[in-house]
Amino acid sequence: VAMWIAVALLCCAALPRAGGSCPSQCSCSFHSLGEATKARTVLCNDPEMTLPPVNIPADTTKLRIEKTAIRRVPGEAFHLLHNLEYLWMPYNSLASLSGIPFKGLRRLQELRLDGNNLISFPWESLAGMPQLRLLDLHNNELTSIPPDAARYVKNITYLDLSSNKLMTLPQALIATWANLQAVPYFPNDNSKIILGLQDNPWVCDCSLYEMVHFLNFQSPNIAFIEPRLKCFTPRSLAGVFFSQVELRKCQSPVVHTSVAKVKTILGSTVLLRCGTTGVPIPELSWRRADGAQLNGTVHQEISSDGMSWSILGLPVVSYLDSGEYICKAKNFLGATEAFISLIITDSESTDDPNANGKGTWNGKASGMQAAAYNDELVARYIITTSTVPTLGAGAGTGDGLLLPDMAQDSNPQNLLVSPTMGQQEPERMVRSVRVIGDADQSITLAWKAPMAKNTTVFSVLYAVFGERDMRRINVEPGKNKVTIYGLLPKTKYIVCVCVKGLIPRKEQCIIFSTDEVFSAGGTQKLINVVVISVACVIAVPLTLVVCCGALKRRCKKCFVRKPKEIQESYVTFESLSPGAKAKGVEGEYLTRHTPDESNRLLSARSSVDSEAIAKIEGQPNEYFC
C-alpha cells in the first residue's frame, strides 16, 4: 500500500512539469483547437525583460514577446518548443539575430520581428522552417538582402520589408518573385503573394532596373501593400514614382581606343584618347605598363552619344615617354583594359622630306616660306593625331561616321599618300583649297577638283588645331563650295577637303584663324561703308539742286502764264473721220507729219496746229491723242 501511494504521489508531481508552468514574467492562456485539443498562448511584455524566458511550456503554440528590452536571443531559447506555430517578437530592442534559436521550429508558420533594430537577418535559417508562410521584418535597419535569400523565400507568401534602409534588391530575388507560383497564405486571397517594399531609400539607377520593370509589369499573382514606390536618390529623381522613371540595364564596361600605336616626333604634344561605354558610366584611369609615373594631364569628357572619354595629354614628349599606356575602365560589374603604344622618333626619321628641324617659324620669312611652314604644320597635325582622325557630326550634313580603320599601318605617312583600293588618284586630288567668305562664326570654303565626276561626293573635315576630333560635312555631288557654321572666334582651325571615305593629304588641308578672317572681313565691310557714305555725300546735294531748279521753273510758269495759255498747254483730242478724206485734205495731213513731228508734239502750241485737220460732216467722230 505504501508503495502504491508513493507511485501516485510521483505521478501527480510529474503532471505539472509535462505541460509546464507559466513563466513568472509572462501570462498564459488557452484556446480550443477542437473538441479535445487546446492550444497554449504565452504573452511576455515586461518592459524590464532583457532575455527571453527559459521555462516556457513545451506545449506552447503561440509565443508573443513584445515591447521588452531584449537585445539578443540565446541559441537555446526555443529548442524545446517543437509545437510552436506563431513566434511574434515585435517592438523589442533586437540588434542582431542568428539562425541557431530557430533550429527545430519545423511547424512555425509566422515569424514577426517588426519594430526592432536588426541590421541583418539569417535567411539561411528559413530552410529549417518549411511551413513558414509569413515573415514580417517591417521597421528595422536592414540595408541589404543577399542574393542567396532567393533560395529560402520560395514558400513565403507574405513578406514585409517596408520601412528599412534598403537601396536595391538582388536580381535573383526579383526573378524568384516573378516566376513564383505559391499557395496563398491567407484564405480567399486569389493566389496572390503579398509584398511590402515601401518607405525604403531606393536608389534609382541601373541596379534597380529589374525591380522597376517588375513593379511596372508585375505578375498577376503578386500584390503589393503599397504599389506606388518612390525614388530616393539621385536628387534629380527624388520623389518620382517608379512608374514614371526610365532606367537602363546595367552593362559591363567596354573600352574603345582609336589606335593601338602612335608614332610622333620628339618634342611634340601627344593626346592619347580612350573611350568607354557601360552602365553605370565606368571610371577611366591611365597608367604605364612599366609602372613609371605619368608625365601628363588627364581630361575627362562625355560626348553627345553618351560615351565617356579620357584624354591623356603628354606635352613636349621625350624618349622617356615611349612605351605602353594602359587605359582601364571600371564599374561595379567589372573592369577592362586597353593598351596604346607610343613611339618617339627624332625629326630626321620622319617621312616628311620638307620637315623643318627647328619646328618654329618667326613670321619674318617670305610668302613661300610661310606656305611651306603651313604645310609642315598640316603634315605634323595629321601624323601626330594618330593617322585616322575621329569624326563627329558637323554643323551641316555631317553624319558622324568613322573613316575605315587603318591604324594597323605602322607608318602613318603611308595613309596620306596611298590611295584607297579601287579609287583613282586624279579623282581624289582636291586643289586650291581656300577661304573665300566669312561671317562672325562661319567661313565659306571653296576648292577645285577638275578631275572629279558629277557623282563624286566630297567630305569637309575640320577641327580646332591641336584637337584630334574632326567634324565632317558631306557636300552634294557637283558642288565645290560649302559654308561651315558654329566656329569659335579667335581660334585656329585646320580644314581638309577630300573625296568621301578617303583620308586627306596634307596639300588638301589648310590652317586658318577666325580672328584673321574676321579682321579681313571687317576691313572689307569698312571699305563698303566708306564708299557708300562718300557716294551719298556727293549724290544727295546734286539731287537736291536738280530738284530745286525743276521746282523753281515749274512755279514760275504757274504764276506767270495766262489762263488761256494754261489751257493751250495741254494736248487736245482731235476728231478724225474714219471714212474717205479728200485728196487735198489727206495731203495736208500727211505734210504735217514730218520728221519734226515729235518735236512739234512736245511743244505747248501743238494742239493749235492740229485744229487745221479737216472734218467730214455726217460721220461719227473718233478721238485720237
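So, how was this worked out
- Residues numbered from 1 in each chain as written.
- Predicted model: local features only at pLDDT ≥ 70, side-chain atom pairs only at ≥ 80, totals over all residues.
- Heavy atoms only, no water.
- Helix = DSSP H or I, 4+ residues; strand = E, 2+ residues; numbered from the N terminus.
- Buried < 20%, exposed > 50% of the residue type's maximum accessible area, 1.4 Å probe, protein only.
- Contact = heavy atoms within 4.5 Å.
- Areas by Shrake-Rupley, 256 points an atom, 1.4 Å probe, with all protein chains shown as cover.
- Axes fitted to C-alpha atoms, helices over the stretch in contact; angles between N-to-C directions.
- Parallel < 35°, antiparallel > 145°, perpendicular 65-115°, else oblique.
- Left-handed = near helix turned anticlockwise from the far one by under 90°.
- Disulfide = S-S within 2.5 Å.
- Patch = residues over 30% accessible without salt bridge, like charges linked within 9 Å, V, L, I, M, F, W, Y side chains within 5 Å.
- Salt bridge = Lys/Arg side-chain N within 4 Å of Asp/Glu carboxyl O.
- Phe/Tyr/Trp six-rings, centres within 6.5 Å; stacked < 30°, edge-to-face > 60°.
- Lys NZ or Arg CZ within 6 Å of the ring centre and 35° of its normal.

Let us look at the overall build of the protein. Broken down by element type, the protein carries 11 helices and 27 strands. Expressed as a percentage of the 625 residues in the protein, the buried residues total 38%. The long-range share in the protein, meaning contacts at least 24 apart out of those at least 6 apart in sequence, stands at 61%. Carbon and sulfur atoms make up 57% of the accessible area of the protein, which amounts to about 35,900 Å² in all.

Once that is clear, we can look at the packing of helix H2 (residues 171–178) against helix H3 (residues 209–216). Geometrically, a packed helix pair is captured by the angle between its two axes and the distance between the axes. Their axes nearest at 9 Å, the elements H2 and H3 cross at an angle of 20 degrees. With respect to their mutual orientation, H2 and H3 come out roughly parallel. When you trace H2 past H3, the crossing you get is left-handed. Seen from H2, the contacting residues are Gln-171, Ile-174, Trp-177 and Ala-178; seen from H3, they are Glu-210, Met-211 and Phe-214.

A separate point is the state of the cysteines. All told, the structure shown has 6 disulfides when counted by the stated rule. What pairs with Cys-204 in a disulfide is Cys-231, and their sulfur atoms sit 1.8 Å apart. A torsion of -95 degrees about the S-S bond marks the disulfide between Cys-204 and Cys-231 as left-handed. Highlighted residues: Cys-204 in the loop between strand S8 (193–196) and H3 and Cys-231 in the loop between strand S9 (222–224) and strand S10 (251–256), separated in sequence by 27 residues. When sorted by exposure, Cys-204 lands in the same class as Cys-231, which is buried.

What follows is about a nonpolar patch on the surface. A grouping of Val-537, Ile-538 and Leu-542 is seen on the molecular surface, where their side chains present a nonpolar patch of about 320 Å² in accessible area. Along the chain, the position of Val-537 falls in helix H7 (residues 514–560).

This next bit is on the pattern of salt bridges. By the definition in use, this model includes 10 salt bridges. Note that Glu-301 and Arg-273 form a salt bridge whose closest N and O atoms lie 3.6 Å from each other. Within this pair, whereas Glu-301 is found in strand S14 (residues 297–302), its partner Arg-273 is found in strand S12 (residues 270–279), the two being separated by 28 residues in sequence. Since its relative accessible area comes to 8%, Arg-273 is described here as buried.

Moving on, we come to the packing of aromatic side chains. Think of a pair of aromatic rings as described by two things: how far the centres are apart, and how the planes are tilted against each other in angle. Within the structure shown, the criterion is met by 5 aromatic pairs. Centre to centre, the rings of Tyr-493 and Phe-512 are 5.8 Å apart; their planes meet at 15 degrees, and the pair counts as stacked. Of the two residues, Tyr-493 is situated in strand S24 (residues 492–499) and Phe-512 in strand S25 (residues 509–513); the sequence distance between them amounts to 19 residues. Through a chain of ring-to-ring contacts, the aromatic side chains of Trp-177, Phe-214 and Phe-224 assemble into a single cluster. When the ring centre of Tyr-86 is taken as origin, the NZ or CZ atom of Lys-62, which lies over that ring, is 5.8 Å away.

Turning next to the environment of Leu-237. Looking at where Leu-237 falls in the secondary structure, it is placed in the loop between S9 and S10. On the accessibility criterion, Leu-237 (23% relative accessible area) is partly exposed. Sequence spacing of Leu-237 and Asp-205 is 32 residues, and the spatial spacing of their C-alpha atoms is 9.8 Å. Setting aside residues up to four positions removed in sequence, Leu-237 forms contacts with Cys-204, Cys-231 and Val-245.

None of this, on its own, says anything about what the molecule does.
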